[in-house]
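Each chain, written out:
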Amino acid sequence: MYDISDIQNIPPFSLGREQKELFLSKHLRDLTLYHYQQCPEYRRILDAWPFDVNVDVSYKNLPFLPVRLFKEYELKSVDEQYVVKQMNSSGTTGQQVSKIFLDKETATNQTKILTKIVSDFIGSKRLPMIILDTRAVLKDRNLFSARGAGILGYSIFGSDKIYALDEEMCIDFESLDAFLEKHSGEDIFLFGFTFMVWQHFYKELVKSRKLLDLSKGILIHGGGWKKLVDEAVDNTTFKARLKDVCNLTKIYNFYGMVEQVGTIYMECEFGHLHAPIFSDVIIRNPKDFSEVNIGEEGLIEVVSILPKSYPGHALLTEDSGIILGEDNCPCGRKGRYFSVTGRIKSAEIRGCSDTYATKY
Amino acid sequence: MIPMQPNIDTLDLLIPRDTHLEFFYQARPIGPYDTTIIDFLDAWSKRLLAHPECRVYPDVVTFAFWIRKGNIRRFRQEFFQKHTESIRLGRGIVFHIAPSNVPINFAYSLVIGLLAGNANIVKIPSKAFPQVDILCSVLEDVLQNAEWNALKGLLVLVKYGRTKKDWTDWFSSFCDVRVVWGGDQTIEDVLKSPIPPRSFDICFADRYSICVINSDELVQEPDMHAVARGFYNDTYLLDQNACTAPHLVVWLGNKKNITIAKARFWDAVNEITNKEYNLIAVAAVEKLMVFCREAISDSTVIREPVEDNTIIRMNLTELPNNLTSVRGMGGYFNEYEASCIDEIAQIVTRKFQTLSYYGINKQEIQQFILNHRLVGIDRCVPIGKTLDFDVVWDGWDLVITMSRMVTIL
């Protein structure tokens, strides 16, 4: 198994296809074997697959778990006593949430790798930071929601920090104005969840008719477009509208999930999501789970070398996406770049049981 | 005491439109297999088959054929042969609640209610289906004809959302029989609305079905494609989500024949699914989920290596008791090689509905059911016939159950 200190200094977008293939295959095979030995449920799944953990295969041919499995089972590859953090996906009331168990090592590695990836976009210098959310999210520190974890994770990039929303989810203009005054002329780092930014920042700002100059701002946001799709807001609209109301021009979306915190996929200046060397996306054909060609749509599998305390290193998501290219994005970053095209739909599943109708 | 009728404007649909719902509770029954009803159904059938879009939907065609005079007369004849001495009338008013995700079910339920001699209130699926639109619009057309005026007081179709419990409350308050199709959850919800003390429910809950194949016979089958076609229709046609669709395939016979039979059978099924079955992404992911669940709960199960996700086969080395909780969809099968049919008896619960078979004679099946005093398995049909609707369903003779016997000494 790798030592994080050996790999964290490899620049995150530096390996070409062949090198990355070797790098990921080695570490992901090691993890597969490790989880096979450590997690009884994972072991049973691989036995039934059936998959021989001792064979050398490319990371693209390793078994993957459906991401929803973490909502039904508490999958761990460490003893309970070493769990330092439990992270839950944010779900609406009544929905099942993912439960992810972190030990000290995995939690630390997540932070280190996240830092490496984000620094590639905003630089390694800490900046004054505006969190486009409310402090209330962090109240219960024991129960880490995806939102809380995200905010804490990204807070390491901030020097002086402020929350843009008060506990009632209203924009705190007074504090914001003072903050911007204090840091005038400096670059400002903004962070938030896509839906929160749209619903509670953008919309409120429009309503208030107040002027806010964020021309020196760099916004990083993620968390999914599901709710915005209903309002017909896509990435382009999102960017254009924010520019309109507060002159914010540097806006980067990211794709990531609570099941693989740390290895996020950041959007570059050309609007492409990029896979760093620590992780990758594989687009699979639902019909046979084979990998589709560049440019073809399919189910997104995400692999990451970070999950060690739980068997989440290879996960089949319920998102669909397209690989746009590899090693040749005009931004200069190596590795695959892709776009997320949506979430698979339950469509019309026929049958007399109502089980499936209510599940989706 | 009948509660107040909810506001009519909150109904999404009412057929026929001029129905006076407020008087519906006064409807009176007629006798079973009334000739007017049979003629009316035949008229409905003819108009359905003449509908330009009908042929696109095999389930609509099957239904249209099922309600033809020839077919219904056969049931009528059987009925009056069996029940010669009694006087019967429908029970009165039957309130049918169709499942939200099967388009055609409500129509069969309605037909049975009519054949038993009842006035019928049918809650049609709240989800939109082209099949439902065809059935309803043709029905409305047919009812326009003055010839069927007598039918007007005997049937009404309504549509309203899941959340409008006041309608369910109201219809329940005066029905004589309530028929609830659909999953366990729907049933639980509906049962919260009280019915009069002498009324009763017929509930069709979630069921589990299996298929038993005698390999010694199957290896001699000259037309494997026909067997595979039958199995395909039993399963993939409704995404293996109908309660009649088998989820467990039990192989009988000697080991050598089982191996040969399995290979030839699945090849033939694969040939059809390749051409005709479109596995949607949700189903592919769901099958992977079910696979993981099953692997976690049963440490002996192994997946048969497969080329693609369309046919997932899980080899069982023993029959676990919780098999019915492992329910895949869109082509997910557990397989078990048994030395004889009796081995299955230990896992049969009340949840078991249809046993489809190949190469086994009726006596054998009869012996199996009676000898083991089974609490489940309501119907045994040859492969390919699981979706055929019958007036006997889930162990109920529906026409008998929905009618009232009057004795005169």
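Residues numbered from 1 in each chain as written. Chains lettered and ligands numbered in written order. Predicted model: local features only at pLDDT ≥ 70, side-chain atom pairs only at ≥ 80, totals over all residues.

Undergrad: Quick rundown of helix 6 (residues 146–155) of chain A? Include the residues and the values.
TA: Most of helix 6 of chain A is tucked away: seven of the ten residues are buried. By the burial criterion, the buried members of helix 6 of chain A are A:Ala146, A:Arg147, A:Gly148, A:Ala149, A:Gly150, A:Ile151 and A:Tyr154. (Buried ≥ 20, exposed ≤ 12 C-beta atoms within 10 Å, placed from the backbone. Helix = DSSP H or I, 4+ residues; strand = E, 2+ residues; numbered from the N terminus.)

Undergrad: So, the sheet that holds strand 5 (residues 155–159) of chain B: which residues are in play, and what are the values?
TA: All names here are of chain B. Taken in spatial order, the six strands of this open sheet run 1-5-4-3-6-7, and their pairing is mixed. Of all strands in the sheet, those with a lone pairing partner are strand 1 (13–15) and strand 7 (200–204), marking the two edges. Here the strands of the sheet are splayed against their neighbours by 15° on average, with no regard to which way each runs. Sheet topology places strand 1 next to strand 5; three bridges connect them, and they run antiparallel. Among the inter-strand pairings, isoleucine 15 is bridged to a residue of strand 5, identified as leucine 157. (Pairing = 2+ DSSP bridges. Axes fitted to C-alpha atoms, helices over the stretch in contact; angles between N-to-C directions.)

Undergrad: Describe the environment of B:Tyr336, listing the residues and the values that go with them.
TA: Residues and elements named next belong to chain B. Within the fold, tyrosine 336 resides in strand 12 (residues 332–337). Here the alpha-carbon distance between tyrosine 336 and valine 132, two residues 204 residues apart in the chain, equals 39 Å. When residues no more than four places from it in sequence are discounted, the contact partners of tyrosine 336 are Leu248, Val250, Leu316 and Leu319. (Contact = placed C-beta atoms within 7 Å.)

Undergrad: Requested: an account of the nonpolar core, with residues and values cited.
TA: With 137 residues, the main nonpolar core has A:Leu132, B:Val212, B:Ile213 and B:Val250 as its most contacted residues. The element that contributes the greatest number of residues to this core is helix 12 (residues 281–297) of chain B, accounting for ten residues. In this view, B:Val250 contacts B:Ile210, B:Val212, B:Tyr336, B:Ala338 and B:Ile344; residues no more than four positions away in its chain are not counted. By size, the runner-up hydrophobic cluster in this structure holds 63 residues, among which are B:Leu41, B:Ala64, B:Ile72 and B:Trp170. (Core = buried A, V, L, I, M, F, W, Y, C linked by C-beta atoms within 7 Å.)

Undergrad: With reference to specific residues and values, describe the interface of chain B and chain A.
TA: Contacts between the two partners involve 35 residues from chain B and, on the opposite side, 33 residues from chain A. Those elements that provide at least two residues to the side of chain B that touches chain A are helix 8 (184–190), helix 12 and strand 10 (302–303) of chain B. The dominant element in the side of chain B that touches chain A, judged by the number of residues it contributes, is helix 12 of chain B, at nine residues. Of the residues assigned to the side of chain B that touches chain A, the class counts are 20 nonpolar, ten polar and five charged. (Nonpolar A, V, L, I, M, F, W, Y, C, P; charged D, E, K, R; others polar.)

Undergrad: Explain the sheet that holds strand 11 (residues 312–316) of chain B to me, and be specific about the residues and the numbers.
TA: Residue and element names in this part refer to chain B. Strand order in the open sheet made by the seven strands is 10-11-12-9-8-13-14, with mixed pairing throughout. The sheet is open, and its two borders are formed by strand 10 and strand 14 (379–382), each paired with just one other strand. Where strand 10 meets strand 11, two bridges bridge the pair, whose relative direction is antiparallel. Within strand 11, the residue paired with isoleucine 302 across the bridge is asparagine 315. Contacting strand 10, strand 11 and strand 12, helix 12 runs over the sheet at an angle of about 10° to strand 11.

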